[in-house]
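Descriptive analysis of the structure
Spelled out, the chains give:
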Amino acid sequence: MSNWKRGSLGRLLRRALNVDEAELPAAAGGILLFFLLFLAYSMLRPVREMMGIAGGVRNLQWLFTATFGASLLFQMLFGWIACRVPRRSILPWAYGFFILNLGVFAALMLACPDSAWTARAFYVWLSVFNLLAVSVAWSVLADVMRGGQVKRLFALVASGSSLGAVLGPAVTATLAGAVESMWLFAAAAVLLGLAVLAGMYLHRWRDGNPASGGKAGAPFPEDCRARPLGGNPFTGASAVFRSPFLMGIGLFIILLASTNTFLYFELMRAVASAFPDPVRQTRVFGIIDVIVQGSTMLLQVFFAGRIVRRFGLSALLVAVPVLISLGFVWMAFSPVFAVAAVVTVARRIGEYGLVRPGREMLNSVLSPEEKYKAKSFIDTVLYRGGDAASAWLKRSLDVLGGHSPLAMLGGAAISALWAATGFFLARRHREMAGRQDED
């Protein structure tokens, strides 16, 4: 009886999560990888914001520019690693480098606890680490999972990041004052080390479950994961500018970043106007975070995978930009906090629960070299380049002051272009996947 109940419960769980029995270990490993990664990052993020203030609030646009420059440097270093180590070892090498970086910053903060330059350097480093570490994790998933698995599991795996993002700030609050004793940095380093083990487990799972039949990923022998990609550190950048598909993904990322910047500053304006008390402002942001993370996890676990299987990848890439475009028009004529909050919450839930898994699914049709090198270039250099440009644009628009309906309509136009780009990418992805299945 107990065995029957366990079997029925297992079938019910697999049906609810839309996962085959053989894929449960991979789904669990992916969830664990993203949970550990985002827990480490979310623990360090409050420290980064403190460092940003210590470096000077008026210098934030310079910090964004410095982050873009650091992204270029880290991308070249990552490209060098990807050329020379086996594909299955790229994540351990990259995360090992980040763990060493944490040790260096811990030593610097012990030696010079009040140094503004150390604060600025840490702000820039964590901003680059966030994008590159996440990009590498998604590259591993795209490397070991195949077409049907990508559609069903990517959104579910992304729920680990939401859970880590919820728990990280709580851990930081518990370890208040731990910056001086370096326990916070030590804990983040341990979590990254565990994330390395989770990434290695995903490769071992693929070894024991080799792909059979047609693949959605580019044809490539399985045992090549044990060999380096070769090439040079600039291959990723050159591949992007040679491929209309990769350039489309890059444009999609830049438009996403631009939309986020427009919404971010509009929300800041609305909150400052509606809630002059800093305590109430903090409470408002906390409520928004709780709503976003809780709703995102439900969307990722139970709905996103089914949406893409029923309506196609375009549903993940187009629906949210169209909704946000309409939201910008709404804000242009109703510049109040409630409207800005609703649009912001919708954008964040949609981006984390639908857009992010959707754009990662695009990588399933790339070659292994593109999955690691070109993807990291897009996710770090192009993303942070868009951030830097947006920061200087914001600084220039500050002279207008207050709410600008024209700026909101501009955000609506950017979001509409974002939606059109997503539609093009989804159609192109379907064509490329179909040709690879025929091969």
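Residues numbered from 1 in each chain as written. Predicted model: local features only at pLDDT ≥ 70, side-chain atom pairs only at ≥ 80, totals over all residues. Heavy atoms only, no water.

Quick word on the overall build of the protein chain
The cut-off we apply is this: For the purposes of this entry, the term helix denotes a DSSP run of H or I that reaches at least four residues, the term strand denotes a run of E that reaches at least two, and both are numbered from the N terminus. When a residue's accessible area, from a 1.4 Å probe over protein chains only, is under 20% of the maximum for its type it is buried; when over 50% it is exposed; and in between it is partly exposed. Under the convention used here, a 1.4 Å probe and the Shrake-Rupley method define accessible areas, while residue burial counts only the protein chains that appear.
Counting its regular elements, the protein chain contains 15 helices and zero strands. When burial is assessed residue by residue, the protein chain has 52% of its 439 residues classed as buried. Counting only carbon and sulfur atoms, one obtains 68% of the accessible surface of the protein chain, whose full area is about 19300 Å².

Re the packing of helix α4 (residues 90–111) against helix α5 (residues 116–144)
What counts here: Every angle, taken between N-to-C directions, lies between 0 and 180 degrees, and every axis is a line fitted to C-alpha atoms, over only the stretch in contact when it is a helix. An angle counts as roughly parallel when it lies under 35 degrees, as roughly antiparallel when it exceeds 145, as roughly perpendicular when it falls between 65 and 115, and as oblique in every other case. When the near helix sits turned anticlockwise from the far one by under a right angle, the crossing is termed left-handed; a clockwise turn instead gives a right-handed crossing. Two residues form a contact once any of their heavy atoms are found within 4.5 Å. Polar here means any residue outside two lists: the nonpolar Ala, Val, Leu, Ile, Met, Phe, Trp, Tyr, Cys and Pro, and the charged Asp, Glu, Lys and Arg; Gly therefore counts as polar.
Relative to each other, α4 and α5 sit at 165 degrees, their axes nearing to 11 Å. Relative to α5, the element α4 lies roughly antiparallel. Taken as a pair, α4 and α5 cross one another with a handedness that is left-handed. Residue-level contacts link Leu91, Tyr95, Phe98, Asn101, Leu102, Phe105, Leu108 and Met109 of α4 to Thr118, Ala121, Phe122, Trp125, Phe129, Leu132, Ala133, Val136, Ala137 and Val140 of α5. Of the residues belonging to the contact of α4 with α5, the class tally is 16 nonpolar, two polar and no charged.

So, helix α9 (residues 235–242)
Applicable threshold: Think of it as the arc spanned by the lines of direction from the helix axis to the C-beta atoms.
Restricting attention to buried positions, one finds in α9 the residues Thr235, Gly236, Ala239 and Val240. Along α9, the residues classed as buried sweep out an arc of 135 degrees about the axis, all on the same side. Turned more than 90 degrees from where α9 packs its buried face, Phe241 and Arg242 sit exposed.

Regarding the packing of aromatic side chains
The following threshold applies: Ring pairs shown here join Phe, Tyr and Trp side chains whose ring centres sit within 6.5 Å, with only the six-membered ring taken for Trp; geometry is labelled stacked below 30 degrees between planes, edge-to-face above 60, and tilted in between.
Scanning the model with the defined rule gives 14 aromatic pairs in all. Through pairs of rings, three or more aromatic residues link up here, namely Phe74, Phe97, Phe98, Phe105, Phe122, Trp125, Phe129 and Phe185.

Comments concerning the nonpolar core
This is how the line gets drawn: Working definition of a nonpolar core: buried Ala, Val, Leu, Ile, Met, Phe, Trp, Tyr and Cys residues. They are joined through side-chain atoms within 4.5 Å.
Tyr95, Phe98, Trp125 and Phe129 are the most contacted members of the largest nonpolar core, which totals 123 residues. The element best represented in this core is α5, accounting for 18 residues. When sequence neighbours within four positions are dropped, the list of residues in contact with tryptophan 125 reads Phe74, Phe98, Asn101, Leu102 and Phe105.

Here we look at the pattern of salt bridges
Any two side chains of opposite charge can pair, on the condition that their charged atoms come close. As a reminder of what qualifies: Note on definitions: salt bridges are taken to be side-chain nitrogens of Lys or Arg within 4 Å of carboxyl oxygens of Asp or Glu.
Taken as a whole, this structure holds ten salt bridges when the rule is applied. Of the charged contacts in the structure, one is a salt bridge between aspartate 207 and arginine 88, with a shortest N-O distance of 2.6 Å. Here aspartate 207 is found in helix α8 (residues 183–208), whereas its partner arginine 88 is found in the loop between α3 (60–84) and α4, with 119 residues between them in sequence. When its relative accessible area of 40% is taken as the criterion, aspartate 207 is described as partly exposed. Judged by relative accessible area, which is 24%, arginine 88 ranks as partly exposed. A network of salt bridges, in which partner residues are shared, links Arg356, Arg359, Glu360, Lys375 and Asp379.

Points about the environment of serine 42
Within the secondary structure, serine 42 is located in helix α2 (residues 24–54). For serine 42, a relative accessible area of 1% corresponds to the buried category. Sequence separation of serine 42 and asparagine 130 is 88 residues, and the distance between their C-alpha atoms is 9.6 Å.

Re the packing of α4 against α8
Close contact between α4 and α8 brings their axes to 9 Å; oriented N to C, the two are set at 175 degrees. Between α4 and α8, the angle falls in the class roughly antiparallel. Residues Leu91, Pro92, Tyr95, Phe98, Ile99, Leu102, Phe105, Ala106 and Met109 of α4 touch α8, and the partners they reach there are Phe185, Ala188, Ala189, Leu192, Gly193, Ala195, Val196, Gly199 and Met200. Of the residues in the contact of α4 with α8, the class split is 16 nonpolar, two polar and no charged.

Examining a nonpolar patch on the surface
The following threshold applies: Exposure above 30% relative accessible area and no salt bridge define the residues that can form patches, which grow by joining like charges within 9 Å and nonpolar side chains of Val, Leu, Ile, Met, Phe, Trp and Tyr within 5 Å.
Taken together, the side chains of Val190, Leu194, Leu197 and Met200 present a nonpolar region at the surface, about 340 Å² in accessible area. Locating leucine 194 in the fold gives a position in helix α8. You can call leucine 194 partly exposed: its relative accessible area is 40%.

As for the confidence of the model for the protein chain
Here is the rule: Predictor confidence is given residue by residue as pLDDT, running from a minimum of 0 to a maximum of 100.
Looking at the protein chain, pLDDT values average 79 and 80% of them are 70 or higher. Mean pLDDT per element in the protein chain: helix α7 (residues 178–181) is the minimum at 46, and helix α12 (residues 313–333) is the maximum at 92. Note that pLDDT drops below 50 for residues 52–57; the model gives that stretch eight contacts with residues more than four away or on any other chain.

Details of α4
Going by this rule: Working rule for helices: expected span equals 1.5 Å times residues minus one.
When the terminal C-alpha atoms of α4 are compared, their 32 Å separation across 22 residues agrees well with the 32 Å that a helix rising 1.5 Å per residue should span. Buried within α4 are the following residues: Ile90, Leu91, Ala94, Tyr95, Phe98, Asn101, Leu102, Phe105, Ala106 and Met109. Buried residues in α4, looked at end-on, bunch into an arc of 150 degrees, giving them a common side. Seen from the open side of α4, the exposed residues pointing more than 90 degrees away from its buried face are Leu100, Leu110 and Ala111.

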